Amino acid sequence: MQSYQTDFLDLALESKALKFGTFVLKSGRESPYFFNLGFFNTGKLLSTLATSYANAIIKSGLKFDVLFGPAYKGIPLTAITVAKLAELDPENYGNVGYSFNRKEKKDHGEGGSIVGCELSGKKILIIDDVMTAGTAINEAFEIIANEKGTVVGTIIALDRQETTKDSEKSATQAVSAKYGIPVISIVSLTDIINHLNDKISPAEIEQIKNYRNKYAPK
């Protein structure tokens, strides 16, 4: 694992963004862990988060014009990440713009539903926290298509590596196959197991492994 991945996981655990126990997910499944990016809520944590996103993007080598963050969670993510990209790799990413959507279209001033860079004719990378059913990403695709932009990839913080309720593929695999784009992540469930093996109890590790085996993509 890269240092940005281990730093991310260590602070996720420290900040309780990553918790272990029994959690009922939106899908109805009982998960032995839960991830809430909202707990990265201080300057220190946001700086580490931005560094992790930026390094994952740089490592991918993906080229794009605009980083798009779906409202609401994607708004701070896109802003902090483009700033960090410009800091870490100004030659390749210094001029990347950022953009996000309003939940309700503005009918005064400049109007419209997009804040930040225009998307028309641009290559777009979508940023989000996790991908479960892929619903939020599908909505983002629709918004970008309406603005005449082209999505070239998606980046998320955590790939849960589990199937959706109506598919034998994981949400990331399904989105990648549906749109023909890469889905990048800072870390995956496998990374959690490998890195935190000696940081959480053996019982918690065993529960996570059992969950992974039960819902792993076919």
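Before reading further, recall that the structure is shown in the block above.
Description of the structure in this document. Because the structure is predicted, anything quoted here is derived from the model rather than measured. (Residues numbered from 1 in each chain as written. Predicted model: local features only at pLDDT ≥ 70, side-chain atom pairs only at ≥ 80, totals over all residues. Heavy atoms only, no water.)

Attention shifts here to the overall build of the protein chain. The secondary structure content of the protein chain amounts to 8 helices and 8 strands. By the compact-globule yardstick of 17 Å for 218 residues, the protein chain fits well, its C-alpha radius of gyration being 17 Å. Considering only C-alpha atoms, the protein chain reaches an extent of 55 × 40 × 30 Å along its principal axes. When each of the 218 residues of the protein chain is scored for burial, the buried share is 46%. (Helix = DSSP H or I, 4+ residues; strand = E, 2+ residues; numbered from the N terminus. Rg over C-alpha atoms; globule rule 2.2 N^0.38 Å. Buried < 20%, exposed > 50% of the residue type's maximum accessible area, 1.4 Å probe, protein only.)

Relative to each other, helix H1 (residues 3-14) and helix H2 (residues 43-60) sit at 150°, their axes nearing to 9 Å. One finds that H1 runs roughly antiparallel with respect to H2. When you trace H1 past H2, the crossing you get is left-handed. Along its contact with H1, which presents Tyr4, Asp7, Phe8, Leu11 and Glu14, the element H2 presents Lys44, Leu45, Thr48, Leu49, Ser52, Asn55, Ala56 and Lys59. Class assignment of the residues belonging to the contact of H1 with H2 gives a composition of 6 nonpolar, 3 polar and 4 charged. (Axes fitted to C-alpha atoms, helices over the stretch in contact; angles between N-to-C directions. Parallel < 35°, antiparallel > 145°, perpendicular 65-115°, else oblique. Left-handed = near helix turned anticlockwise from the far one by under 90°. Contact = heavy atoms within 4.5 Å. Nonpolar A, V, L, I, M, F, W, Y, C, P; charged D, E, K, R; others polar.)

Moving on: the layout of surface pockets. Approximately 1100 Å³ is the volume attributed to the largest pocket. In terms of lining residues, the largest pocket is bounded by 47 residues, among which Lys73, Asp129, Val130, Thr132 and Ala136 are the most central. Taken together, the elements giving at least two residues each to the lining of the largest pocket come down to strand S2 (30-35), H2, helix H3 (74-88), strand S4 (97-106), helix H5 (135-146), strand S7 (150-159) and helix H6 (171-179). At 7 residues, H5 tops the list of elements feeding residues into the lining of the largest pocket. By residue class, the composition of the lining of the largest pocket is 23 nonpolar, 12 polar and 12 charged. (1 Å grid on protein atoms, 1.4 Å probe; cavity = no way out; pocket = protein on both sides within 12 Å on 5 of 7 lines; lining within 4 Å. Points joined across faces, edges and corners; volume = space filled by probe spheres on them.)

Further remarks concern the environment of serine 3. Structurally, serine 3 can be placed in helix H1. With 49 residues separating them along the chain, serine 3 and serine 52 place their C-alpha atoms 9.0 Å apart.

Counting buried positions along S7 yields 9 of 10 residues, so the element is predominantly enclosed. Two elements, S7 and strand S8 (residues 183-188), share 5 bridges in a ladder whose sense is parallel. The residue of S8 that forms the bridge with isoleucine 155 is isoleucine 184. The parallel pair S7 and S8, bridged by H6, forms a crossover whose chirality is right-handed. (Pairing = 2+ DSSP bridges. Right-handed = clockwise from strand over helix to strand, strands pointing away.)

By secondary structure assignment, the location of aspartate 128 is in the loop between strand S6 (123-127) and H5. Here aspartate 128 sits buried without a salt bridge, and the closest side chain of opposite charge, lysine 73, lies 4.9 Å off (N-O distance). Ignoring anything within four residues of it in the chain, the contact list for aspartate 128 reads Tyr53, Pro70, Leu77, Ala136, Ile137, Ile155, Ile156 and Ala157. (Lys, Arg positive; Asp, Glu negative; His and termini not counted. Salt bridge = Lys/Arg side-chain N within 4 Å of Asp/Glu carboxyl O.)

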